[in-house]
Amino acid sequence: MATSFSLTLDRQSSRTLVEQIVESVNLAIERRTLRVGDALPSVRALAATHTLSAFTVAEAYQRLVTAGRLSARRGSAYRVADLRTALPTVSPVWSAPSLNAAWLLSDVFADHSVPTKAGCGWIPGEWINESGLQHALRALSRVPGPRFGGYGHPYGMASLREQIATSLRRISLPAEASNILMTQGATQALDLVVRTLLRPGDTVIVEDPCYCNLLQILQLAGLKVIGVARTADGHDFEQLERVLKESRPKAIFINTVLQNPSGSSLSTASATRLLEMVARDGVWVIEDDIYRELAPPEAPCLAAMEGLNRVIYISGFSKTITPTLRVGYVAAHADVLADLARTKMAVGLTSSEVTERIVSNVLSEGHYERHLDFLKNKLHIAHTHVVEKMQSLNMKIFEQPAAGLFLWAQLPIAAEQSASVATRALARGIWLAPGSYFHPGDRLSNWFRFNVATSDNDVLWEFVRTLERT
């Protein structure tokens, strides 16, 4: 039988609902309202009692398990753990993991011990379209088992590809299902493009700053990477012209709208000029457009403007549905797509029809458009709050898009202090993302990426205030 405890939630607080649940359970344990072995209400019961998302309660409980405060067994309730008999690998006191590239690219995605992920790249769990996902999972459970007896089509689930092609035509991108290849997230799509179109020693252009995982993919492929400065509405075109002339690159990688990490978007004029410049030399344009559905409808799309001739379009659903499903896609000319499909089969076989079915159902029956409106409104409000915090601390902000996930801002420190500041923040349960992660060659920088959805937090800004006094 579950033991009750006091849980008072303030939905106007800067502390997330997850953090408030964790604090309430910890307080109940310290006051011995909850004792060793006591069972807590189930995830669904607590969610129903306090009108919460089950994802929110589950995340809070998981943090408490990670901290050694609760124990969990499959098929059993969450119970207050006996710290005296806890496994030696579980510590009741949170300690910061090592801050390095390996942690950034892997462990951070599963590390529930860091309460404030100001530098992360995804929406909070409590913002996920829970009802749409639950409906999709119920629909999946009714699919006959023999339908999952094979590997699926190399290009991915046909009906989902049709849905994606239809949505792309709405933004004037001339795509049919035959132009779509499903992948395990947009990051795998980038990897397939690199493996298929480029060879070790080739020169490629990236934006400076740019998506940090892309830099790792290019490095592993043995490519020569040249950064061209991203501006508030485009690129440094003088620098781009010089690189095109002197280095003869094979490809350029671009986040068109709500760029990671800067939050900036290309203007139509900048997009037009860029396409004109690269077309002269036959440069492949790899358009990573994962944030399109969070952007204003008038934002330019390179693939729509160029027509999938030398532009390869990449996107996915990790920023709007959930990153857990790992469903992305490539849109390209049919000839190029056939080559990409061969690479996909060689390195990983087919993508998951199970997760693709879930996404397809969310798009068709999960009130997806309404969920997008919810996300855009939440992000707009978060931008307002975080910009106010930054301005009160006299921080320089690269661009204020009032949309999307990111703000790119300077902390009041020297560039060479960025790693030590990030390490200090981590020791206080705050994950920061230093600019060096996003610059070719790991160039030191006092610019940091902030996810507005996870940065509207007083703990973070109190830490930033301490930097002004050092």
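For the structure itself, consult the block above.
Enquirer: Could you give me a rundown of the overall build of the protein chain, with the residues and numbers involved?
Expert: Regarding its fold elements, the protein chain presents 17 helices and 12 strands. For the protein chain, the C-alpha radius of gyration of 23 Å lies close to 23 Å, the compact-globule estimate for 470 residues. Based on the C-alpha atoms only, the size of the protein chain along its principal axes is roughly 70 × 65 × 40 Å. Contacts spanning at least 24 positions in sequence make up 72% of the contacts within the protein chain whose residues lie at least 6 apart.

Enquirer: Pulling in residues and values, what's your account of the side chain of Asp288?
Expert: Within the fold, Asp288 resides in strand β7 (residues 284–288). As a buried residue without a salt bridge, Asp288 has its nearest oppositely charged side chain in Lys319, at a separation of 8.6 Å. Non-local contacts of Asp288, meaning those with residues more than four positions away in its chain, are made with Leu190, Tyr211, Ile254, Asn255, Thr256 and Ile314.

Enquirer: Give me the lowdown on empty space enclosed by the protein, citing residues and values where you can.
Expert: Counted according to the given criterion, the structure contains one cavity of 30 Å³ or more. Roughly 80 Å³ of volume is contained in the largest cavity. Lining the largest cavity, in full, are Leu190, Glu207, Cys210, Tyr211, Leu214, Phe253, Ile254, Asn255, Gln259, Asn260, Ile286 and Asp288. In terms of residue class, the lining of the largest cavity is built from seven nonpolar, three polar and two charged.

Enquirer: I'd love a proper account of the sheet that holds strand β12 (residues 447–451), names of residues and values included.
Expert: The pairing of strands in a sheet happens through backbone hydrogen bonds and is either parallel or antiparallel. Strand order in the open sheet formed by three strands is β10-β12-β11, with antiparallel pairing between adjacent strands. Two strands in the sheet have a free side with no partner beyond their single neighbour: β10 (406–410) and β11 (433–434). For β10 and β12, the ladder comprises five bridges, and the chain directions are antiparallel. If you follow Leu407 over to β12, its bridge partner there is Phe450.

Enquirer: Mind laying out the sheet that holds β7, listing which residues take part and the relevant values?
Expert: Taken in spatial order, the seven strands make up an open sheet running β3-β9-β8-β7-β6-β4-β5, and their pairing is mixed. Of all strands in the sheet, those bounded by a partner on one side alone are β3 (180–183) and β5 (224–229). Neighbour-to-neighbour, the strand axes of this sheet turn through a mean angle of 20°, independent of strand direction. Alignment of β7 against strand β8 (residues 311–316), held across four bridges, turns out to be parallel.

Enquirer: Got a sec to walk through the packing of aromatic side chains? Specific residues and values, please.
Expert: One pass over the full model with this rule turns up eight aromatic pairs. Put simply, the rings of Phe398, Trp408, Tyr437, Phe438 and Trp447 pair up and form one aromatic cluster. The ring of Trp284 carries the charged tip of Arg310 above its face, separated from the ring centre by 3.8 Å.

Enquirer: Can you tell me about the pattern of salt bridges, naming the residues and giving the values?
Expert: Once their charged atoms are close, side chains differing in charge can pair, the charge on each being opposite to the other. What the rule picks out here adds up to 12 salt bridges. Glu462 serves as the salt-bridge partner of Arg465, at 3.5 Å between the closest nitrogen and oxygen. Of this pair, Arg465 and Glu462 both sit in helix α17 (residues 458–468), separated by three residues, roughly a single helical turn. Classification of Arg465 as partly exposed rests on a relative accessible area of 29%.

Enquirer: So what's going on with unusual backbone geometry? Residues and values would help.
Expert: The residue after Asp208, namely Pro209, is reached through a cis peptide bond having omega 10°. Its place among the elements puts Pro209 in the loop between β4 (203–208) and α8 (212–220). Here Asn260 and Pro261 are connected by a cis peptide whose omega angle stands at 20°. Position of Pro261 among the secondary structure elements: in the loop between β6 (251–254) and α10 (268–279). Of note in the backbone geometry, Arg326 takes a positive phi value of approximately 55° without being a glycine. Of note, Arg326 is situated in the loop between β8 and β9 (328–331).

Enquirer: Let's hear about the packing of helix α9 (residues 237–247) against α10: which residues, and what values?
Expert: Packing of α9 against α10 brings their axes to within 11 Å, and their N-to-C directions diverge by 15°. By the criterion of interaxial angle, the relationship of α9 to α10 is roughly parallel. As for the relative orientation of α9 and α10, their crossing is right-handed in sense. Along the contact surface, α9 presents Phe237, Leu240, Glu241 and Leu244, while α10 presents Ser270, Arg273, Leu274 and Met277. Of the residues contributing to the contact of α9 with α10, the split by class is five nonpolar, one polar and two charged.

Enquirer: With reference to specific residues and values, describe the pairing of β12.
Expert: In terms of burial, β12 is largely enclosed, as five of its five residues are buried. The alternating pattern of β12 places Trp447, Arg449 and Asn451 on one face and Phe448 and Phe450 on the opposite face, and all of these are buried.

Enquirer: So, helix α15 (residues 418–427): which residues are in play, and what are the values?
Expert: What α15 keeps buried is the set Ser418, Val421, Ala422, Ala425 and Leu426. The buried side chains of α15 occupy one side of the element, clustering within an arc of 140° when seen end-on.

Enquirer: Outline the environment of Thr203, supporting the account with residue identities and numerical values.
Expert: Relative to the assigned elements, Thr203 resides in strand β4. Residue classification places Thr203 among the buried positions, given a relative accessible area of 10%. Taking the C-alpha atoms as reference points, Thr203 and Asn213, 10 residues apart in sequence, are found 18 Å from one another.

Enquirer: Could you give me a rundown of the environment of Glu276, with the residues and numbers involved?
Expert: Looking at the element boundaries, Glu276 is found in helix α10. Measuring from C-alpha to C-alpha, the distance between Glu276 and Cys210 comes to 22 Å, with 66 residues separating the pair along the chain.

Enquirer: Before we move on, could you go through α10 and cite the residues and values that matter?
Expert: Look at α10: 17 Å from first C-alpha to last across 12 residues, which is about the 16 Å you get at 1.5 Å a residue. Listed as buried for α10 are Ser270, Ala271, Leu274, Leu275, Met277 and Val278. Down the axis of α10, the buried set is contained in an arc of 165°. They therefore lie on one face. Turned more than 90 degrees away from the buried face of α10, the exposed residues are Ala269, Glu276 and Ala279. Those residues of α10 hidden inside the fold are in contact with α9, β6, β7, α11 (302–306) and β8.

Rules behind the numbers
In this convention, every chain numbers its residues from 1, walking through the sequence in written order. Restriction of local features to residues with pLDDT of at least 70 applies here, the model being predicted, together with a cutoff of 80 or more for giving and counting side-chain atom pairs; totals for whole chains, interfaces and linings are based on all residues. Note that the side-chain values use all heavy atoms of the structure and ignore hydrogens as well as water. Under the scheme used here, helices are H or I runs from DSSP no shorter than 4 residues and strands are E runs no shorter than 2 residues, and both carry numbers assigned from the N terminus. We take the radius of gyration over the C-alpha atoms and set the globule estimate at 2.2 Å times the residue count to the 0.38 power. Whether two residues are in contact is decided by their heavy atoms: any pair within 4.5 Å suffices. Burial status follows relative accessibility: with a 1.4 Å probe on protein chains alone, a residue under 20% of its type maximum counts as buried, one over 50% as exposed, and anything between as partly exposed. Lys and Arg are tallied as positive, Asp and Glu as negative. Neither His nor the chain termini are counted. Should a side-chain nitrogen of Lys or Arg be within 4 Å of a carboxyl oxygen of Asp or Glu, the pair is scored as a salt bridge. Both cavities and pockets are sets of points on a 1 Å grid over the protein atoms alone; in a cavity a 1.4 Å probe fits but cannot get out, in a pocket the set is open with protein on both sides within 12 Å along at least five of seven lines, and lining residues sit with an atom within 4 Å of a point. Grid points are joined across faces, edges and corners, and a volume is the space filled by probe spheres set on the points. Any residue outside Ala, Val, Leu, Ile, Met, Phe, Trp, Tyr, Cys, Pro, Asp, Glu, Lys and Arg is labelled polar, Gly included; the first ten of those are nonpolar and the last four are charged. Pairing between strands requires that DSSP locate at least two bridges from one strand to the other. Here an axis means a line fitted to C-alpha atoms, over the contact stretch when the element is a helix, while the angle between two N-to-C directions is reported on a 0 to 180 degree scale. What counts as a ring pair is set by centres within 6.5 Å for rings of Phe, Tyr and Trp (its six-membered ring), and what kind of pair is set by the plane angle: stacked under 30 degrees, edge-to-face over 60, tilted for all other angles. By the criterion adopted, a ring carries a charge over it if an Arg CZ or a Lys NZ lies within 6 Å of its centre and within 35 degrees of its normal. Roughly parallel means an angle under 35 degrees; roughly antiparallel, over 145; roughly perpendicular, 65 to 115; everything else is oblique. A clockwise turn of the near helix away from the far one marks a right-handed crossing, whereas an anticlockwise turn of less than a right angle marks a left-handed crossing. This arc describes the spread of directions from the helix axis toward the C-beta atoms. Between the first and last residue of a helix there are one fewer steps than residues, each counted as 1.5 Å, and that sum is the expected span.

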